[in-house]
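Structural characterization, general
One-letter residues, chain by chain:
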Amino acid sequence: ATMIYRSNLEVPDLSPHFKLLVKPRPWSLGHSIPSDPDYEPECTFMSHDEAAILYHCAAAARGPWVDVGSRFGWTSKHINWITNTMVKCVDTCYQAPHLQARALENLGSVWLPWLYAGAIHDFGMHFGPVAYSGFCIDGNHDDPEPLRDATAALAIAAETCCMVFHDFAGRPIRDAVRFLMAHGFKSRVYWTPNLMAVCWR
């Protein structure tokens with residue numbers, strides 16, 4: 001028999017704010033994984049458990065956050081829900097008006113989302129020197145982009161901060177985590193369907 005592990009972390013159900021396609025994926029170990037049914041349905045979001053880990057990291061690192069690879073706002077909304085502060089959403093997909101419109105629709109006009117159509121390296125150059133409390137990094141997974149994301153995040157991070165990485169199974173993401181550990185961060189890996197790593201100092 002197959003057992004699907006669920007963590008005991010509690011998180012609000014934010015799915016009513018989104019139009020979702022939720023189903024198990026071939027790689028998801030039986031877990032149901034959400035995505036947007038209209039735009040790139042195979043580009044999946046964090047699972048419920050992964051979003052719960054992010055939510056509790058944001059609860060511990062309250063303050064301004066940057067969501068790298070924010071896409072349609074699933075992770076940004078989880079961060080904002082507990083921090084009650086604006087999350088800077090960074091994703092090259094916002095260059096496409098229809099994708100930006102879907103993100104705005106999901107996040108809601110009351111939330112006043114802040115979307116940047118680019119990469120965090122450019123974001124950091126133009127919108128520092130704010131000291132950000134947290135980063136969710138789930139952008140381009142190709143080498144060396146995760147390391148570039150971590151380097152750019154480190155340049156604008158608060159002294160006490162948290163960085164959450166999705167899809168830790170990939171070597172480029174592991175390289176980014178090792179880079180942060182070499183700069184004094186502690187790290188923990190979570191064995192979720194996509195694997196996650198949390199780095200903090």
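Structure first, text after, so check above.
With that out of the way, let us pick up the overall build of the protein. In terms of helices and strands, the protein carries six helices and nine strands. Scaling as 2.2 N^0.38, a compact globule of 201 residues should have a C-alpha radius of gyration of about 17 Å, and the protein matches this with 16 Å. Within the span of the protein, comprising 201 residues, buried residues form 51% of the whole. Considering only contacts within the protein whose residues lie at least 6 apart along the sequence, 60% involve residues at least 24 apart. Of the roughly 9,500 Å² of accessible surface on the protein, a fraction of 57% belongs to carbon and sulfur atoms. One finds the centroid of the 16 positive side-chain charges in the protein at a distance of 4 Å from the centroid of its 20 negative side-chain charges.

Okay, unusual backbone geometry next. A negative phi angle is the norm for most residues apart from glycine, just as the trans form is the norm for most peptide bonds. Along the chain, Asp143 connects to Pro144 via a cis peptide bond; the corresponding omega equals 5°. Inspection of the secondary structure puts Pro144 in the loop between β6 (132-137) and α5 (145-155). For Arg71, which is not a glycine, the phi torsion comes out positive at approximately 50°. Tracing the backbone shows Arg71 in the loop between β3 (65-68) and α2 (74-83). Judged by its relative accessible area of 18%, Arg71 falls in the buried class. A positive phi is found at Asn84, a non-glycine position, where the angle reads about 60°. For Asn84, the location among the structural elements is in the loop between α2 and β4 (87-90). Residue class for Asn84 comes out exposed when judged on its relative accessible area of 68%.

On to the sheet that holds β6, then. Spatial strand order, β5-β4-β3-β6-β7-β9-β8: seven strands in an open sheet with mixed pairing. Two strands in the sheet have a free side with no partner beyond their single neighbour: β5 (114-116) and β8 (186-190). The sheet shows a mean angle of 15° between the axes of neighbouring strands, direction not considered. As defined by bridge partners, β3 adjoins β4 across four bridges and the pair is classed as parallel. Across the sheet, Val68 pairs through a bridge with Val90, a residue of β4. Its contacts with the sheet put α5 on β3, β6 and β7 (157-166), and the angle it makes with β7 is roughly 160°.

Glancing now at the layout of surface pockets. Of the voids in this model, the largest pocket is the one considered here, and its volume is about 500 Å³. Gly69, Asp138, Gly139, Asn140 and His141 are the residues nearest the centre of the largest pocket, which is lined by 29 residues in total. Of the residues that constitute the lining of the largest pocket, the class distribution is ten nonpolar, twelve polar and seven charged.

What follows concerns the nonpolar core. Met46, Leu54, Cys57, Trp65, Ile79, Cys162 and Val164 are the most contacted members of the largest nonpolar core, which has 30 residues in total. Those elements giving two or more residues to this core turn out to be α1 (48-60), α2, β4, α3 (97-107), β7 and β9 (196-200). Ranked by residue count, the leading element in this core is α1, at seven residues. In contact with Leu54, not counting residues within four places along its chain, are Met46, Trp65, Thr75, Ile79, Cys136 and Val164. Residues Tyr116, Phe135, Leu180 and Leu195 belong to the second largest nonpolar core, which totals 28 residues.

Reading the values: the criteria
- Residues numbered from 1 in each chain as written.
- Predicted model: local features only at pLDDT ≥ 70, side-chain atom pairs only at ≥ 80, totals over all residues.
- Heavy atoms only, no water.
- Helix = DSSP H or I, 4+ residues; strand = E, 2+ residues; numbered from the N terminus.
- Rg over C-alpha atoms; globule rule 2.2 N^0.38 Å.
- Buried < 20%, exposed > 50% of the residue type's maximum accessible area, 1.4 Å probe, protein only.
- Contact = heavy atoms within 4.5 Å.
- Areas by Shrake-Rupley, 256 points an atom, 1.4 Å probe, with all protein chains shown as cover.
- Lys, Arg positive; Asp, Glu negative; His and termini not counted.
- Charge placed at Lys NZ, Arg CZ, Asp CG, Glu CD.
- Pairing = 2+ DSSP bridges.
- Axes fitted to C-alpha atoms, helices over the stretch in contact; angles between N-to-C directions.
- 1 Å grid on protein atoms, 1.4 Å probe; cavity = no way out; pocket = protein on both sides within 12 Å on 5 of 7 lines; lining within 4 Å.
- Points joined across faces, edges and corners; volume = space filled by probe spheres on them.
- Nonpolar A, V, L, I, M, F, W, Y, C, P; charged D, E, K, R; others polar.
- Core = buried A, V, L, I, M, F, W, Y, C linked by side-chain atoms within 4.5 Å.

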